[in-house]
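# Fold and contact review
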Amino acid sequence: MDPLILAIILLAASCFIASVWDSPLSTNTLSTIDILKPSTWPFVYHWPSAEAMKLCVTITGAGLAFAAWQQKHHDNVFNTTQAKIVAEREEYWKRREQVFQLLGSKNPALRLGAISLLTELADKAKQTSPQDENASNLEDLHQHIIDTLCLQVRREGMSNNEDGSEHDRRKIQHTIIEAILVRINTRMRNGNYADWSQHTISLTHCNILTPINIVNMATQATLILEGTTFTKLFRIADSNLGPIFWTTSTFEDQILVGSSKKLVTIQTETIPFSKGGTAFINTTLNTSHKYVTIDIQRRKNNGKDESAFLIRNCTFYCKECTCNPYCPCKTKSSSCSCIINDQCTCESNCTYAELDVIETVKDRAYKPTTSPIEISNCRMRQLFARLSNNSTNITIHLNTILEGLRIVYPQAGQTSSILAKSESKHSTIRILNNIFTTPSKCAPIEIYYETNEATTSTYEFATNLLLPTHMYQQSKYQFAGYYFGNLTFGNFTQIQTIEATELTDQSDHFHFDCFPHHSNEPSIQSWDTGRLSTSSSTIPFQLLERALSCHHEGNFEHFQIEPATKRDYQFIKREIEYYNAKEETASDTAYWIRDYANFDAISSDLNSGNCYSASDRNGPIALFSLIQGPHKLYENKGIAWHLDTDYYYIQHVVAIRGKGIASKIFEFATRHAHHLRTHTHEGNFAMRHALEAFGFKKCGAFKDEDGATCIAYDWIKDLASTDNTHPLINRIHYSTVIMPNPMPNL
């Protein structure tokens, strides 16, 4: 307080006391006293005596003297503190100049001594509280010391014989890195070390000659390792780390993160790849994006097999909620309750992140090798793999994948260009014993071929399960990290087994079915994925092949089938003719592929009222004919029909877009007839698969009017309702999978 103000207050108070001192109280009662009106107070005022005034002045003078002394004392303390800070700063800059001179020395011992001086300077700096106005200056000083140490690490990594041997430079790097790690570690915090746990450690574009061991550490320091090459082992164990940026780092030796005994937590957007082998075990990876990326860059390797890439028992979390503002997790506040409570109750599984595996061939000198990748016992929102190396062996097993698995083979010429079949070795992709949840818009497992190059990969599928989303939410902690051999299902009647079939007549074409654990209806329709059309056929026929494939999504937007109009017919015909004119048909293309759309016959069916159109909100999709028998071709005695009654037959199916159209056409036909017949060319594997997947039965082969071999099929309602050709899976079989540990020293 200002001394003058204090003197005025003391003078006023002492004068008031003197004016009422030794005077009788007034007759006012407590009920008549008004604190705002001095006249009602119970005092009889009088002018103070000379002695009283002297006393008042004495009290005021004493207070003024005390206040002045206190102010001067405060100023002296402040000036002393400021002088000390200035002295410390001058001492720091003086020692800094000395350290810089030593750090630039050619003598490794002098540089090592300079490191000790610099860290000692940081440790002795006053630990100012955050409220102090000098706290920011102190933080700047610490950050300057950290940056100086990081620059020295970069210098020591440069190949320069004048600065000492590689052994000397490795020792200096090791000393600096250990000094930094000790001071960012809150578990090792004590009064002897500076606190760098909130600082940025920028070790960028360095060549690290020493092994890195981050063990038993907790920190929120930001580690920036971009562009740095690590020539030795990089290891993280029993640690909880803040943000790590290492997307462009190069690791020439092993990367070992985590162990089977203790958890590691990391904030990162990417998982680095090492030519010497990569292993992330029992690790929680937090990302501020929706995904964590593994960028596997294949470079010159002289044909040597590369080490394994292992992701085991890891969980991928998203730090930012991906739900819309109206999701139940945000009803009480703008913050996501799932992230706050570390337990997601949303259908969108907003706390889990996607794992993207991107494989690229960066060097023309790269020779395909057997390169194993294992992702096992992990939990994630979605797993996406973009593969360019046909020789990569991938095992995906015992995972919980909430929104499906996607595998893509990119088109040649893109950043991830697939290797030619002649350059590749045989590889196996194993998808075993995983748990998927019922997706809303996508199938649990999908494989895409954007390239026409043939692949050499073999797929193995076994004992993958599909759970409804709500069932997983109710029991997610029971299923997370489970093992099939010890799993008891109890009353979980909604569990379904996903079974895969690779169509032998069509390379890389896969068909998936879901079979309930009990006799419930499957929650998702069968679907096809992979190479759905053959590159040797015409564009119109490729469109038909895709349309005939099975599709999991049963609800088409505004889908309808109704008698075709002339406008529908002309629209489909115009589209087919456009594609035929756009490409040159190869001379060896089969006639039934080249001319599969017989518009003369379709026009005749249209005129007789037997032609139907399938369409959605975007217009016509397909045409087909549904005609009441008999059909002269079906009088062939070589056909063993399953029933000799009245029937309808389906013919002239033409489609220009979409997937899963065939099942919709067949469903429409079954509502109009209890007995259906049809036939197709023996080489039309897409139509044959569509018929057999729906439930049509093969009845034999015959020659059509052109001499081509055709396969006859029929469908009978009563037989279809009791068909048990696909037995229900009443118990889960555990497929024994022996997984060799690719990195035995973990």
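Here, the structure is the one placed above.
Presented here is an overview of the structure given in this document. These numbers were taken from a predicted model, which means no experiment stands behind them.

Basis of the calculations
Residues numbered from 1 in each chain as written. Predicted model: local features only at pLDDT ≥ 70, side-chain atom pairs only at ≥ 80, totals over all residues. Heavy atoms only, no water. Helix = DSSP H or I, 4+ residues; strand = E, 2+ residues; numbered from the N terminus. Buried < 20%, exposed > 50% of the residue type's maximum accessible area, 1.4 Å probe, protein only. Areas by Shrake-Rupley, 256 points an atom, 1.4 Å probe, with all protein chains shown as cover. Salt bridge = Lys/Arg side-chain N within 4 Å of Asp/Glu carboxyl O. Expected span 1.5 Å × (residues − 1). Disulfide = S-S within 2.5 Å. Axes fitted to C-alpha atoms, helices over the stretch in contact; angles between N-to-C directions. Parallel < 35°, antiparallel > 145°, perpendicular 65-115°, else oblique. Contact = heavy atoms within 4.5 Å. Nonpolar A, V, L, I, M, F, W, Y, C, P; charged D, E, K, R; others polar. Phe/Tyr/Trp six-rings, centres within 6.5 Å; stacked < 30°, edge-to-face > 60°. Pairing = 2+ DSSP bridges. Core = buried A, V, L, I, M, F, W, Y, C linked by side-chain atoms within 4.5 Å.

### A closer look at the overall build of the protein chain
Within the protein chain, the regular secondary structure consists of 14 helices and 37 strands. Taking all 746 residues of the protein chain together, the buried fraction comes to 50%. Summing over all exposed atoms, the protein chain offers an accessible surface of approximately 37,400 Å²; the carbon and sulfur share of this is 52%.

### Observations regarding the pattern of salt bridges
Applying the stated criterion across every chain yields a total of 13 salt bridges. Residue Glu-446 pairs with Arg-406 through a salt bridge whose shortest N-O separation is 3.5 Å. Here Glu-446 is found in strand β25 (residues 445-449), whereas its partner Arg-406 is found in strand β22 (residues 405-409), with 40 residues between them in sequence. Accessibility expressed as a relative area gives 6% for Arg-406, which makes it buried. If you follow the salt bridges from partner to partner, you end up with Arg-187, Asp-238 and Lys-262 in one network.

### Regarding unusual backbone geometry
With omega at 10°, the peptide bond leading from Gly-629 into Pro-630 counts as cis. Positive phi, normally seen in glycine, also occurs at His-205, with a value near 55°. Within the secondary structure layout, His-205 lies in the loop between β1 (200-202) and β2 (207-208).

### Here's the deal with helix α5 (residues 166-184)
For α5, spanning 19 residues, the distance from its first C-alpha to its last is 27 Å, which sits close to the expected 27 Å at 1.5 Å a residue. Restricting attention to buried positions, one finds in α5 the residues Arg-169, Ile-172, Gln-173, Ile-176, Ile-177, Ala-179, Ile-180, Leu-181, Arg-183 and Ile-184.

### Some words on the state of the cysteines
On inspection of all chains with the given rule, the structure shows zero disulfides. For the unlinked cysteine Cys-314, the closest cysteine sulfur is that of Cys-378, found at 4.7 Å.

### Things to note about the packing of helix α8 (residues 539-548) against helix α9 (residues 566-582)
Between α8 and α9, the least distance of the axes is 8 Å, while the angle of their chain directions is 130°. It follows from the interaxial angle that α8 and α9 lie oblique. Within the contact between the two elements, α8 uses Ile-539, Pro-540 and Leu-543 and α9 uses Ile-576, Tyr-579 and Asn-580. Split by residue class, the contact of α8 with α9 holds five nonpolar, one polar and no charged.

### Topic: the packing of aromatic side chains
This model, assessed by the stated rule, comprises 25 aromatic pairs. Their ring planes at 85° and their centres at 5.4 Å tell us that Phe-234 and Phe-251 sit as a pair that is edge-to-face. Taken together, the positions of Phe-234 in strand β6 (residues 234-245) and Phe-251 in strand β7 (residues 250-251) put the pair 17 residues apart, joining distant regions of the chain. The class for Phe-251 is buried, based on a relative accessible area of 2%. These aromatic residues form a ring-pair network of at least three members: Phe-230, Phe-234, Trp-246, Phe-251 and Phe-280.

### Comments concerning the sheet that holds strand β31 (residues 560-563)
The strands making up a sheet associate through hydrogen bonds between their backbones, and the pairing can be parallel or antiparallel. Spatially, the seven strands line up as an open sheet ordered β31-β32-β33-β34-β35-β37-β36, and their pairing is mixed. Single-partner strands in this sheet number two, and they are β31 and β36 (697-703). Strand after strand, the sheet turns through a mean of 30° between neighbouring axes, direction not considered. Relative to strand β37 (residues 709-716), strand β35 (residues 675-681) is paired through seven bridges, and the arrangement is antiparallel. When the sheet's bridge partners are listed, Thr-678 is paired in β37 with Tyr-713.

### Details of helix α12 (residues 661-670)
Burial of α12 is extensive: eight of the ten residues sit out of reach of the surface. Of the residues making up α12, those classed as buried are Ile-661, Ala-662, Lys-664, Ile-665, Phe-666, Phe-668, Ala-669 and Thr-670.

### Observations regarding the packing of α9 against helix α11 (residues 599-607)
Look at α9 against α11: their axes get within 11 Å of each other, and the N-to-C directions meet at 170°. Our classification of the angle between α9 and α11 gives roughly antiparallel. Judged by residue contacts, Lys-566, Tyr-569, Ile-572, Lys-573 and Ile-576 of α9 engage Phe-599, Ile-602, Ser-603 and Leu-606 from α11. Tallied by class, residues from the contact of α9 with α11 come to six nonpolar, one polar and two charged.

### Thoughts on the sheet that holds β7
If you walk across this open sheet you meet the three strands as β2-β5-β7, and the pairing is parallel. Each end of this open sheet is capped by a strand with a single partner; those strands are β2 and β7.

### Quick look at the nonpolar core
Membership of the largest hydrophobic core comes to 86 residues, with the highest contact counts inside it found for Phe-234, Ile-236, Ile-271, Phe-280, Ile-311, Phe-316 and Ile-407. Here the element with the most residues in this core is helix α4 (residues 135-156); it accounts for seven residues. The contact partners of Ile-407, leaving out residues within four places of it in the chain, are Ala-385, Leu-387, Ile-429, Ile-431, Glu-446, Ile-447, Tyr-448 and Tyr-459. Membership of the second largest hydrophobic core comes to 44 residues, among which are Ile-561, Ile-661, Phe-666 and Ile-711.

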